[in-house]
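Architecture at a glance
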Amino acid sequence: MSMIVMRFGKLSDAGVLSFAFAVANVLMSIGAFGGRMFQATDVNRQYTFKMYLIHRFCSLGLMIVSLVLYLSISGFESEKAWSVALLAYIYMIEVVENCIWGYFQSKDMLYIGARMFCSRWAAVIAVFTVSMMILNDMIKALGAGAIAGTIVFVTWIVVIVYRRLINDSCHSVIGAGSPGTRWFVSLTAGTFPLFAAGFCSLFINNVPKFAIDRYLNDEIQACYGFVAMPVFVIGLLNQFIYQPTVARLAREYTDGKISAFRENVKHQMFEVAGIMVACVVGAGAFGIPVLSFIYNTDLTGYWKELVILQLAGGFLALSGYFNVILTIMRKQNVILRGYLFALVLGTIIMYTAVRYAGTVGASVGYLIVMAALFAYYYVFYYLYVRGIGKPCEE
C-alpha cells in the first residue's frame, strides 16, 4: 500500500500511512486479546467456539472504545485521524476473523483461515490501488478498501464458514457452554497474560515510529517505514515454519513427549536462524536498490538502518517463536514478564536514541531490545524443558 501511495500520492502520505498502521496494529492487539494461540492450543477443548466468539466480541468492544479515546486525545489533523480510524476498522474485521482461524487451526485446517485472510486483504489492496489511481486521495482509497474487505469477509461467513461450523458437531463447536460467567472469567484470566504480552510486543515493534512521529517528520517516517518493512519478512517466513505445527507441538507437550517436543523446537529454531542470516546478507547486498525501486524513493542514505533492522528482525522472529512455545507450555506469565521488561527497556532507549541519533538510533535501539527479549525467553525455555522448572504445571 505504501508502494501505491508513492506512485499516486506524496511522501508525507506514506509517512501518515506507516504511522496509522502502527497505531492500528497496537489497537488490534486489544481486540484479539491474546485469544488466537490460546484457542489454537486448546487441545483438550476446555472452551467451546461459542465461548471464544463471545469473548472476542467483548474484546472488540474494548478495541473500539480505545480507538475513540485515542483519537479524542491525540489532537491529530483530520487526514491522520481518518487514516488511523479506517485502518483500525480493517483490523476490527480481522479480530473477528482471527477467532475463526483459531478454531480451524485447532482442527489442523489452518488453510481455511489462510484463504479468508488472503482473499480479504487481496480485495482491500486491489480496491485501494484502483481508488488511488483514479482519485489520488488516500483517505477515500482506504475507505473503499475497507468496504471491499467487509464484503469479502461477510461472503466467507455466509457461503462457507457458517455451514462448516454448524455441520461440525454442533454442540461441541458452538454449544451453550457452562452456565453463568465463570467460564468468561476463567478464559479472560487465561488469555490476559497473552493479551498484555501481545500489546507490549506490538508497542515495542512500533515505538520507533512513535518516537519518529514525535521528534522527526512524516517524510522521514515514510523512509524509515520503507527500510523497516523487510524486518517482518523474516517473521512471515518464520510463521510458515511453525504455524502448521502448533497443534502437533501442543499435543506432544500435553502427552508428556518432552524429548520429541524439545527436538522439534531445536530444529525449528535453527531453521529460523538460517532464514535470519539469509535475509541479513540479502538486505545488505541488494536491499537498498530494490527498496528504492519499489517505493520510488532514493533510500541510499538508509543502508545502515536496513542492515541493523534485518538483524533485529531475526531476533524478533525468534522471540515470536518462543512466545508460541511458552504458550503451549502455558507459561503466559513468563511471556508477559519478558514483554514488560522489553517495553520498559525500549521506551527508555528509543526516545532518547531517536532524539539524538535519528533513524540510526531507532534501529540500534530496536536491535538491543529484540536481542534482550530473545535471550530472556530462551533462558526460561531451556530451564523448563531441562527439568529445572515444572514443564506440565503453570
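The preceding data block contains the structure.
A short tour of the structure in this document, coming up. Given the structure is predicted, the values throughout are model-derived calculations rather than measurements.

A word on the packing of aromatic side chains. Considering all chains together, one arrives at 32 aromatic pairs under this definition. Judged by centre distance (5.2 Å) and plane angle (55°), the rings of tyrosine 253 and phenylalanine 261 are tilted. With 5.5 Å between their ring centres and 70° between their planes, tyrosine 321 and phenylalanine 322 make a pair best called edge-to-face. Accessibility assignment for this pair places tyrosine 321 and phenylalanine 322 in one class, buried.

Moving on to the pattern of salt bridges. Enumeration over the complete set of coordinates arrives at six salt bridges. The partner of arginine 120 in a salt bridge is glutamate 97, and the shortest N-O contact between them spans 3.0 Å. One end of the pair, arginine 120, is in helix H6 (residues 110-135); the other, glutamate 97, is in helix H5 (residues 78-106), with 23 residues separating them in the sequence. Sharing partners across several salt bridges, the network here consists of Lys80, Asp213 and Asp218.

As a further point, take the side chain of serine 2. Note on placement: serine 2 falls in helix H1 (residues 2-8). Classification of serine 2 by relative accessible area gives buried; the value is 18%. With near-sequence residues (within four places) excluded, serine 2 lies in contact with Leu17, Phe226 and Tyr295.

A few words on the side chain of glutamate 97. Overall, glutamate 97 belongs to the buried group, its relative accessible area being 0%. In terms of polar contacts, glutamate 97 uses its side chain to reach the side chain of arginine 120, at 3.0 Å. With residues near it in sequence (within four places) discarded, glutamate 97 still touches Met116, Phe117, Arg120 and Phe153.

Generally speaking, nonpolar side chains in soluble globular proteins are found buried as a group. By size, the foremost hydrophobic cluster in this structure holds 132 residues, and its most contacted members are Met63, Phe128, Phe261, Phe322, Ile325, Met329 and Tyr381. When residues in this core are grouped by element, the largest group, 20 residues, is from helix H15 (residues 332-385). The contact partners of methionine 63, leaving out residues within four places of it in the chain, are Leu27, Met28, Ile30, Gly31, Ala88, Tyr91, Met92 and Val95.

So, about the packing of helix H12 (residues 246-254) against helix H14 (residues 303-328). Contact geometry for H12 and H14: axes closest at 9 Å, N-to-C directions at 40°. Regarding the angle of H12 to H14, the classification is oblique. You can see that H12 and H14 cross each other, and the crossing is right-handed. On the side of H12, the interface is formed by Val246, Leu249, Ala250 and Tyr253, while H14 contributes Tyr321, Val324, Ile325 and Ile328. Residue composition of the contact of H12 with H14, grouped by class: eight nonpolar, no polar and no charged.

Conventions used here
- Residues numbered from 1 in each chain as written.
- Predicted model: local features only at pLDDT ≥ 70, side-chain atom pairs only at ≥ 80, totals over all residues.
- Heavy atoms only, no water.
- Phe/Tyr/Trp six-rings, centres within 6.5 Å; stacked < 30°, edge-to-face > 60°.
- Buried < 20%, exposed > 50% of the residue type's maximum accessible area, 1.4 Å probe, protein only.
- Salt bridge = Lys/Arg side-chain N within 4 Å of Asp/Glu carboxyl O.
- Helix = DSSP H or I, 4+ residues; strand = E, 2+ residues; numbered from the N terminus.
- Contact = heavy atoms within 4.5 Å.
- Polar contact = N/O pair within 3.5 Å; in protein donor to acceptor, adjacent residues only side chain to side chain.
- Core = buried A, V, L, I, M, F, W, Y, C linked by side-chain atoms within 4.5 Å.
- Axes fitted to C-alpha atoms, helices over the stretch in contact; angles between N-to-C directions.
- Parallel < 35°, antiparallel > 145°, perpendicular 65-115°, else oblique.
- Left-handed = near helix turned anticlockwise from the far one by under 90°.
- Nonpolar A, V, L, I, M, F, W, Y, C, P; charged D, E, K, R; others polar.

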